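Each chain, written out:
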Amino acid sequence: MQRYSAFAVAREALGYHQGWERAWGAPEPRAEYDVIVIGAGGHGLATAYYLAKNHGITNVAVLEKGWLGGGNTGRNTTIIRSNYLQEPSAAIYELSRGLYEDLSQKLNFNIMFSPRGVLMLCQTEHELRALRRTAHANRLAGIETEMVDVARVKKLCPIIETSGPRFPVLGGLWQPRGGTARHDAVAWGYARAASDLGVHVIQRCEVTGIDVSGGRVTGVQTSKGPIRARKVAMVVAGHSGVLAEMAGFRLPVESVALQALVSEPIKPCMDIVVMANTVHGYMSQSDKGEMVIGGGADGFNNYTQRGSFHHIEETVRALKETFPMISRLKMLRQWGGIVDMTGDRSPIISKTPVEGIFINCGWGTGGFKAIPGSGWATAAMIANGGDRVADPFSLDRFREGRMIDESVAAAVAH
Amino acid sequence: MTAHRLPSGGLLIDRARPVEFRFNGKPVKGFAGDTLAAALLASGRTLMGRSFKYHRPRGVVAAGVEEPNALMCVGEGPRATPNQRATMVEIAPGMSARSQNHWPSLEWDVGAVNAAIASVAPVFSAGFYYKTFLFPRIAWKHLYEPVIRQSAGLGPAPEGVDPDEYEHLHAFADVLVIGAGMAGLAAARAAAEAGARVIVAEQGPRAGGRLLSESDIEIGGMPGADWAAGEAAALAAMPNVTLLTRCQGAGLYDHGYALLDEEPKEGPSRRLWRVRAKRIVIATGAIERPLAFANNDLPGVMLAGAVRDYLALWAVAPGREIVVFANNDDAYRTALAAHLAGLTVKAVIDCRAEAAGALPEAARAAGIAVRTGMIVAKAKGGKALKSVLVAKRAADGRVAGALEEIGCDVLAMSGGWSPAVHLFSHCGGKLRWDEAQAMFRPAPERGAPTGADGEVNTFVAGAANGLLSTAEGLADALAAGARAASDLGFSAVAAEAPSATEPGMTPLQPLWFTPSVGKYAHGTKHFLDFQNDVTAADVELAAREGYESIEHAKRYTTLGMATDQGKLSNINGLATLANALAAPIPEVGTTTFRPPWTPLSLGSIAGRDAGTLFKPVRRTPMHDWHEANGADWEPVGEWRRPFTYRRAGESREASVAREVRAVREAAGMLDASTLGKLLVTGPDAGRFLDLLYTNMMSTLKPGACRYGLMCNENGFLFDDGVVARLPNGDFLCHTTTGGAERVHGWMEEWLQTEWPELKVHVANLTEQFTQIAVAGPKAREILQPLTGMDLSASALPFMGIAEGEMAGIPVRLFRISFSGELSYEIAAPAHRGRALWDAIREAGAGQGIQPYGTEALHVLRAEKGFIMIGDETDGTVTPQDLGLSWAVSKKKADFIGKRAQERPFLSHPERERLVGLETLEPGKRLPDGAYAVADPAAKTPEVIGRVTSSYLSPTLGRAIALGLVKRGPERMGEVISFPLEKGEVMQARIVDPVFYDKEGARQNV
């Protein structure tokens, strides 16, 4: 792999950039792989990368029906945090956040992880109590968070109107090592690094069927022909139900469109990420200067990746109360991403009723932040048959009632 | 000062009304009707902005919404709005505009050092930031990123509270026509003549579109502009037509829902029209494409059509010596218009081998040098265009032969026109590539927006539909308007299209990229995306590195992601990528256009519901009394409730303690009006509530109350409240304050989607009744004198209901208690609430009655071990966890959550269950939400429980808490540890959760 560095850029600049290699390969599929990962989003690519990197399993194909990173990896609002309440959630999101810290260096690709800090506002007494509890839980789980008062909130983010009038800010939960990263770069970085380790990333290759024989998977049918594999991982977020059906099982997942928007770029005015759960919105400013705003999900199940207006309206209205200055900004574009929601709003990382098929889905509104940890844990599960971090997220939990419900800590989509 | 105002003409300006405004602090004069861009050009200013990455000097390229360069911050103070397109802002007296993204000034910008560095070696190539800034790791946050952030961004961040008003207007239309150029006018007329209710929205100040700028089009025997004026007047006069100008189609959504963004001349700052239309005709015209040659971004390089617009609409000449560079006939109109305006047309550079159409012939006849088979190899100049280098074009598209320099201050370029298909694709409309015209055009046969009935509801007409000729576009638009109307049952008369004449056009020759001499990518820049500084070499680099999907190339290079959303760059970028990949354009695809059409004001999206109208505070009938009597407010749901009533000089804590004591010792009164009140009626009401609540409700006798619990499908408790069976047999379900709407929605969802066969009606009466709780040992003696009803324990026992009059007000009494004291909740019609409140207050004054707030309510209930939804519950707690098994029916065959509660984990003996907690130091309160661990000294302590509510109890004179602890009820008396911040550990003893009056003696009197 051609190493990336300032020196390399300077060197190539002298040759007018004619000497750069492809970031990832464009291989034709082999007849058989040890592992097929369906879906080249962040989670699928990270799974393949850690299979190769951590477990030495390099005869891996990642099959993507469109272009890599084209689903929710490229449609989210790029927030990374681990201030979760329940132990299994805290474990996987903190593993993930930790992996993000030096991911640019590990992948030799600047994914621009920026620990600018994530602040969750408290705008009711109830929220204050709930986030105090989260702070206690985080401390016990070894996650660095703290409750901050109004003066500190104002200092961290001067554009917040803390005095209301409707919902005055009472304080906040501050995670200084949370932040954002460049979402596309995460997919590209993993694709490039995985490709370098021998993984085949095969784009425009749609899976049209799953071959199952005697209760165990033998391969997949694709738009580029049949491919054999004894292990298949489905990592396709919103369309997981469709793939599961191909393999003959059902998932406790429903898919809805989550809405987001960005403003035009302006000069820096907001260094941190702020989530305002009471008014149901969150905002940060990208390096380019755009205000990145996320809000609610459509109230009905659907697969359209389109923006709808009424949630945007509610979100903007709410954020205007807390950030009055946004009123004079303009929305540059809005879009929707299909999120797969489970009954407890926590993901599924699990074996399935079909021997050899693994599934990673159900990240709902919070998948981007989990990409490295999710890939790490899924790879371990595929390689070893189980994993400490992944196991609590097994499909069994719905049958056992072992829910991992974060709704108290995150009343807002994120 | 080469740009100037012409002595006459200018369709949109009023020379009788001069307007003075300020640009970068200096006064500038223009005329009413001028845009900022027109007035600045008229005053000789061509430099209007700096680009995003290289900070290169930029002038205006376009005359409309597609402008990428001339972005300005308009207005002052809290009205300053960044990133306004100078081509769309009409000047007004006293207006202030500032150019952006430069320091210290527009003319001398330090940021231009980026361009200087790039001219030595192109280190800022596409995606260079993905390859650099990697080491050392810490430097990204503290050095690299802050510098990048500071140099990125465009306009300044707004400050303060926006003083402007924004308005939303809801409207319905049979046919919505977007665009009032020739096609929009024709489509609207056809639909309106058929009788349809029509809304026509035009983004410009006047209907007519390109007809206003073209002098050689005749429709119906008159000049095109006159025809347009006549059509517009005719439409405006029709009662079934609403013709809006300065109003753009912002977005199309599902089922004919459209947003129109109007900037009215008078009234609110902006008005957002939210239109539900049965049929939509998109007539948004076409956008001219720039050409990609070296230094094509110099101020003075403009779109050919824009040059005509400035001449015709504002009588502004962008320069004195013009060269036209084109691949089509249409651009010759610019040469002719400039010639007619008295400017010098140095040459028309046409890449085609021959140009024999009517317009090239007319140009030749006017004495203009027409140079075919040639291209512009490079533009030269600094902050303004000085000359262009032209040369023969070889078969491979490269420059051949000698370079010739032509001095000029304006280069009018045209790469052909692309239909404005954005709105069509907002809502699922598909496109196809038209090879002959080199354009993407709507392909409804592959997919078009549909209405709720599944029928196609959106048509595209005229140039937006790929029909660039006047006659074809007119016929197409008339047909689209008629089709829209006839779809809806209106009998559309097949109108004869009026005659249309214009010069004939010969085909264009696609010209995506004109590489300059030598190794073209070396040093000179051929811009595709002006605002984001994306060059052809950047796109080629993306292709080389494997970013082959257009989505990858776009995101890697930022092509088309600027505020103009690629209106000028998309097709050129796509073609350049296709060329680099040696693939046909349609195979490389096109990116999805997303709403809005142009950036849409967030203030406008929020509308009027800002400030006090944002989630208006719901007020109980006693709200004003609370306010006047020291209420320390707390937001609860959409309401505000008094947290406590503070007296002068009293702390919050002391105030709460006083209120608690009043209830325990005498009496207190609470405004409980915010509690949800849902009336459930109908023959199946009992059956329905049996399914909804965990306990049996159908057996409840009229005149009695029962405390009920509601679980979700996962078996977790989510709301509670007292269900009252009214004497007439109806059920009145009380919910938590915050849960009223949620529970109402929950009931409706089950009724409508799962159990439609149940004959049940639910009405939310929360605001119809006021409710006052009177609690305390003196409650009965205070209330009895106010009413003829017998309030004695025998006549009205605990959990009983009575109806009658109190203080002359019709009331319903519930003998229920959330404090453990003798207590009545009194409901009355909302409008009598305040009178009742005053009457009780006066009646109780002698016995020491005091109003109490939510915090005293919480303390009182915690002393009694009563749970609070949201404190003891968090979506993971079952009734059984809370010791409420008695309220979960064992007899019922089913209720929501029953099956879930039978799952192994929910009946696991290790579950956390409700207990009371007493700190070993009685005066010290456990912090809210603190966790208990098995061994606080362990490295990763095992969590065994947590605090759910914690208070200082004035009644008991000590700190008390409720908590959930693993196997809690089996561990009575055990002392457990709560590790806190900074190594502190608090200890508490597990006790019964009922701290006070366990026998219930105080309420059963």
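Cut-off values and rules
- Residues numbered from 1 in each chain as written.
- Chains lettered and ligands numbered in written order.
- Predicted model: local features only at pLDDT ≥ 70, side-chain atom pairs only at ≥ 80, totals over all residues.
- Heavy atoms only, no water.
- Helix = DSSP H or I, 4+ residues; strand = E, 2+ residues; numbered from the N terminus.
- Rg over C-alpha atoms; globule rule 2.2 N^0.38 Å.
- Buried < 20%, exposed > 50% of the residue type's maximum accessible area, 1.4 Å probe, protein only.
- Contact = heavy atoms within 4.5 Å.
- Areas by Shrake-Rupley, 256 points an atom, 1.4 Å probe, with all protein chains shown as cover.
- Domains from an automatic or database assignment.
- Buried area = accessible area lost by both parts, 1.4 Å probe.
- Salt bridge = Lys/Arg side-chain N within 4 Å of Asp/Glu carboxyl O.
- Polar contact = N/O pair within 3.5 Å; in protein donor to acceptor, adjacent residues only side chain to side chain.
- Nonpolar A, V, L, I, M, F, W, Y, C, P; charged D, E, K, R; others polar.
- Axes fitted to C-alpha atoms, helices over the stretch in contact; angles between N-to-C directions.
- Parallel < 35°, antiparallel > 145°, perpendicular 65-115°, else oblique.
- Left-handed = near helix turned anticlockwise from the far one by under 90°.
- Core = buried A, V, L, I, M, F, W, Y, C linked by side-chain atoms within 4.5 Å.
- Pairing = 2+ DSSP bridges.
- Disulfide = S-S within 2.5 Å.

**Overview of the overall build of chain A**
Okay, step 1: Looking only at helices and strands, chain A has eleven helices and 18 strands in total.
Okay, step 2: Taken over C-alpha atoms, the radius of gyration comes to 21 Å for chain A, in line with the 22 Å a tight globule of 414 residues would show.
Okay, step 3: Across its three principal directions, the C-alpha atoms of chain A cover 65 × 60 × 40 Å.
Okay, step 4: For chain A, the residues scored as buried account for 68% of the 414 residues in total.
Okay, step 5: The contacts of chain A with a sequence gap of at least 6 include a subset with a gap of at least 24, amounting to 75%.
Okay, step 6: Total accessible area computed for chain A in this model is approximately 12500 Å², and 51% of it derives from carbon and sulfur atoms.

**Focus: the domain arrangement of chain A**
All names here are of chain A.
Okay, step 1: Each assigned domain of chain A is listed here: domain 1 (26-109 + 182-251 + 345-400) and domain 2 (118-178 + 255-342).
Okay, step 2: When domain 1 packs against domain 2, close to 2600 Å² is buried across both sides, 56% of that on carbon and sulfur atoms.
Okay, step 3: Linking domain 1 with domain 2 are one salt bridge, by the criterion used here.
Okay, step 4: Between R177 and E101 there is a salt bridge, with the nearest N and O atoms lying 2.6 Å from each other.
Okay, step 5: Seen at the junction of domain 1 and domain 2, the total is twelve residue pairs in polar contact (both at pLDDT 80 or more).
Okay, step 6: Broken down by secondary-structure element, the contributors of at least two residues to the side of domain 1 that touches domain 2 are β3 (79-80), α3 (87-101), α8 (240-247) and α11 (396-400).
Okay, step 7: For the side of domain 1 that touches domain 2, the element with the highest residue contribution is α3, accounting for four residues.
Okay, step 8: Its residues assigned to classes, the side of domain 1 that touches domain 2 comprises eleven nonpolar, twelve polar and seven charged.

**Some details on the interface of chain B and chain A**
Okay, step 1: Contacts between chain B and chain A engage 121 residues on the former and 107 residues on the latter.
Okay, step 2: Regarding the contact of chain B and chain A, the summed buried area is about 10000 Å², with carbon and sulfur atoms giving 56% of it.
Okay, step 3: On the chain B side of the contact with chain A, Y130(B), R149(B) and L602(B) bury the most area, a combined 8% of that side's loss.
Okay, step 4: At the junction of chain B and chain A, the tally comes to 13 salt bridges.
Okay, step 5: Across the salt bridge formed by R133(A) and D874(B), the nearest N and O atoms sit 2.7 Å from each other.
Okay, step 6: Our enumeration of links across chain B and chain A arrives at 62 residue pairs in polar contact (both at pLDDT 80 or more).
Okay, step 7: The element best represented in the side of chain B that touches chain A is helix α4 (residues 137-151) of chain B, accounting for eight residues.
Okay, step 8: Here the residues of the side of chain B that touches chain A are counted per class, giving 60 nonpolar, 32 polar and 29 charged.

**Let's talk about the packing of helix α18 (residues 652-665) of chain B against helix α23 (residues 854-863) of chain B**
All names here are of chain B.
Okay, step 1: Contact geometry for α18 and α23: axes closest at 9 Å, N-to-C directions at 55 degrees. Here α23 runs oblique to α18, going by the angle between their axes. Helix-helix and strand crossings are classified by hand; for α18 and α23 the assignment is right-handed. The residues of α23 that touch α18, namely those facing V656, E659, V660, V663 and R664, are E855, A856, V859, L860 and E863.
Okay, step 2: For the contact of α18 with α23, the per-class residue count stands at six nonpolar, no polar and four charged.

**Some details on the nonpolar core**
Okay, step 1: In this structure, Y100(A), Y190(A), L36(B), Y310(B) and V388(B) are the most contacted members of the largest nonpolar core, which totals 218 residues.
Okay, step 2: Those residues in contact with V388(B) that sit more than four places away from it in its chain are V323(B), V376(B), K378(B), A379(B), E404(B), E405(B), I406(B), C408(B) and L411(B).
Okay, step 3: Core analysis: the next-biggest nonpolar cluster, separate from the first, contains 42 residues, L156(A), V274(A), F323(A) and M331(A) among them.

**Regarding the pairing of strand β6 (residues 171-175) of chain A**
All names here are of chain A.
Okay, step 1: Where burial is concerned, most of β6 is hidden: five out of the five residues are buried.
Okay, step 2: Where strand β5 (residues 146-148) lies against β6, three bridges are found, and the strand directions are antiparallel. By the bridge assignment for β6, V148 is matched with G172.

**As for unusual backbone geometry**
Okay, step 1: In this structure, the amide linkage connecting W103(B) to the following residue, P104(B), adopts the cis form with an omega of 5 degrees.
Okay, step 2: For P104(B), the location among the structural elements is in the loop between β8 (96-99) and α2 (113-120).
Okay, step 3: Residues F135(B) and P136(B) are joined by a peptide bond in cis, for which omega reads -15 degrees.
Okay, step 4: Look at A237(A): it is not a glycine, yet its phi comes out positive at around 45 degrees.
Okay, step 5: Along the chain, A237(A) falls in the loop between β11 (225-234) and α8.
Okay, step 6: A relative accessible area of 27% places A237(A) in the partly exposed class.
Okay, step 7: Phi is positive for D997(B), close to 50 degrees, though the residue is something other than glycine.
Okay, step 8: Considering the arrangement of structural elements, one finds D997(B) in the segment after β53 (985-991).

**Examining the state of the cysteines**
Residues and elements named next belong to chain B.
Okay, step 1: As enumerated under the stated definition, the model contains zero disulfides over all chains in all.
Okay, step 2: No disulfide involves C351; its sulfur sits 17 Å from that of C408, the nearest cysteine.
Okay, step 3: With no disulfide of its own, C427 has C247 as its nearest cysteine by sulfur position, at a separation of 19 Å.

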